[in-house]
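Next come the chains, spelled out residue by residue.
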Amino acid sequence: MDSAGPVALSDAQKRTLYHDGFVIVKGAVSESLVDAARARIRSAERGENLSSDKAMTDLVNASGVTPILHEVMGNFDPPSASQVGVLKKRAPGTHYNNLGYRDCDMPYYGSQLHMDGNITITSPQSVQEGTAAEIYRRHFAAGPSGDLGRSPLVMGHNMTPMFQDPEMTLALGSFTAFVFVCLNDQREPGCGQTSLLKGGHHVSERFFRWQMEQNGHLGPEGPGWPRLNHDAPNRCGMNYLPESILNAFIDDSCERTPDGRRWPKPTQALMEPGDACIAMWHIPHDASRNENGTESRKNIIFRVRNKKRQPAHVATGVSDHPDRGWKGDWLEYEPGNNPWERSKFAMCNMWHEWDGMTRIVAEESAQSTQGLIR
Ligand SMILES: [Fe+2]
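All of the points below concern the structure found in this document. (Residues numbered from 1 in each chain as written. Predicted model: local features only at pLDDT ≥ 70, side-chain atom pairs only at ≥ 80, totals over all residues. Heavy atoms only, no water.)

Summing up its helical and strand segments, the protein has 9 helices and 10 strands in all. For the protein, whose C-alpha radius of gyration is 20 Å, the value lies close to the compact-globule estimate of 21 Å for 374 residues. Principal-axis analysis of the C-alpha atoms gives the protein an extent of 60 × 50 × 50 Å. Expressed as a percentage of the 374 residues in the protein, the buried residues total 57%. Considering only residue pairs separated by 6 or more positions, the protein has 75% of its internal contacts joining residues 24 or more positions apart. Carbon and sulfur atoms make up 52% of the accessible area of the protein, which totals about 15800 Å². One way to put it: in the protein the 39 positive side-chain charges average out to a point 2 Å from where the 45 negative ones average out. (Helix = DSSP H or I, 4+ residues; strand = E, 2+ residues; numbered from the N terminus. Rg over C-alpha atoms; globule rule 2.2 N^0.38 Å. Buried < 20%, exposed > 50% of the residue type's maximum accessible area, 1.4 Å probe, protein only. Contact = heavy atoms within 4.5 Å. Areas by Shrake-Rupley, 256 points an atom, 1.4 Å probe, with all protein chains shown as cover. Lys, Arg positive; Asp, Glu negative; His and termini not counted. Charge placed at Lys NZ, Arg CZ, Asp CG, Glu CD.)

What follows is the structure, given as structure tokens:
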């Protein structure tokens, strides 16, 4: 390991992770690893895919991030792939974003708060006509799988299935932890930072439990979460979050789009090279527009899953739907191992896969309960 930095979270950091759903670890990755990754990005051929490049995966596999995650979360497969999150500096655009709003109209540097594991089909760039059913059909037929209707075989442009399971009761892929490794100076807001909805994990978990109680269908198209928003300006926006989660974070200070709708304000992860942000997988988050950066924003993103969810399967470290293959292929599970039920359980019990958080979760949740009783 090449790091003189931290190799475990302090109790104070774990309390931050408990309450906020993410924690920034200063200097988790050494300068030499950061330099190697930056150099590799600089030397990349146009269009070259660096996802599996050792200079990227070493940011977890050879840094302090691995012992930190082992301690706080548990065992996981060393990532063999990553998402190379490079965002060029740009001005707000007039295109419709995935929420169906014009990019330039969205507050908070255009962040589109979402949970990972959700299908995305590229947003239509004209106002859609027809009934809701017609728009839905046309939208999902426009994806890479063609016109399959409503089906677990439908894949998005983001390579995420429309449903995880054959019965279409689980519309979100899931893992355990995000790791965002920062490779450039992002201490000033508006440089393309990863933006997170502080405390959103608690509300998300409560929402999943509620969906579970209703009919066991989790994610979009489950109770309280229509998949598309036909009131969006292009009449075909993704409901990346259900109304009830959004509403929990809306007050008079929130900025509006021109239609008068208010949006939750995310927190930008202000980091510098070598910092790593560790977050709960289902915390609402997004990138943001790099308007003010002096260079492209460079975050290398890993999706890590506690090995105990599916010990017999290897997760690559990039997929947001590891219960299926990358291209949506069906994996084999031994008799008695229902991957969809395991994932639903993890979604409704978010600390189950954070083995090193048990004491802190007990202490902090007891305090919160006392606060309510008082
Ligand atoms: Fe995401």
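Considering all chains together, one arrives at 27 salt bridges under this definition. Across the salt bridge formed by Arg289 and Asp103, the nearest N and O atoms sit 3.0 Å from each other. With Arg289 in the loop between strand 9 (285-286) and strand 10 (297-304) and Asp103 in the loop between strand 2 (83-87) and helix 5 (132-141), this residue pair connects regions lying 186 residues apart in the sequence. You'll find Arg289 and Asp103 in the same group, each marked buried. Here Arg359 ties to Glu363 by a salt bridge, and the two come within 3.3 Å at their closest N and O atoms. With a gap of 4 residues between them, Arg359 and Glu363 both fall in helix 9 (residues 358-373), about one helical turn apart. Shared partners join several salt bridges into a network, and the residues in it are Asp11, Arg15, Arg359, Glu363 and Glu364. (Salt bridge = Lys/Arg side-chain N within 4 Å of Asp/Glu carboxyl O.)

A word on the side chain of Lys307. Relative to the elements of secondary structure, Lys307 occurs in the loop between strand 10 and helix 8 (339-348). Among the polar contacts made by the side chain of Lys307, one reaches the main-chain carbonyl oxygen of His313 at a distance of 2.7 Å. (Polar contact = N/O pair within 3.5 Å; in protein donor to acceptor, adjacent residues only side chain to side chain.)

With antiparallel pairing, 5 strands are arranged side by side in an open sheet as 1-8-3-10-2. Edge positions in the sheet fall to strand 1 (22-25) and strand 2, since each has one partner strand and no second. Each strand of the sheet is rotated relative to its neighbour by a mean of 20°, with strand direction disregarded. Pairing analysis gives 5 bridges linking strand 2 to strand 10, with the strands arranged antiparallel. From the neighbouring strand, Leu87 faces strand 10, where its bridge partner is Arg297. Contacting strand 1 and strand 8 (276-280), helix 1 (residues 11-20) crosses the sheet at an angle of about 145° to strand 1. (Pairing = 2+ DSSP bridges. Axes fitted to C-alpha atoms, helices over the stretch in contact; angles between N-to-C directions.)

Before going further, it helps to examine the coordination of the iron ion. Those donors, His114 (NE2), Asp116 (OD) and His285 (NE2), are the protein atoms that reach the iron ion, and they lie 2.1 to 2.2 Å from it. Positions of the donor residues of the iron ion, expressed as sequence spacing, correspond to H-x1-D-x168-H. Of this pair, Asp116 sits in the loop between strand 2 and helix 5 while His285 sits in strand 9, and the two are 169 residues apart along the sequence. As far as burial versus exposure is concerned, Asp116 and His285 are alike and both buried. (Donors = N, O, S within 2.8 Å, 3.2 Å for Na, K, Ca; no water.)

Our next topic: the environment of Gln164. Here Gln164 is to be found in the loop between helix 5 and strand 3 (177-182). Between the C-alpha atoms of Gln164 and Pro322, which are 158 residues apart in sequence, the distance is 9.5 Å.

Interhelical geometry of helix 2 (residues 31-42) versus helix 3 (residues 54-61) gives an angle of 155° and a closest axis separation of 8 Å. Relative to helix 3, the element helix 2 is oriented roughly antiparallel. The handedness of the crossing between helix 2 and helix 3 comes out as left-handed. Within the contact between the two elements, helix 2 uses Leu33, Val34, Ala36, Ala37, Arg40 and Ile41 and helix 3 uses Ala55, Met56, Asp58 and Leu59. Counted by class, the contact of helix 2 with helix 3 contains 8 nonpolar, no polar and 2 charged residues. (Parallel < 35°, antiparallel > 145°, perpendicular 65-115°, else oblique. Left-handed = near helix turned anticlockwise from the far one by under 90°. Nonpolar A, V, L, I, M, F, W, Y, C, P; charged D, E, K, R; others polar.)

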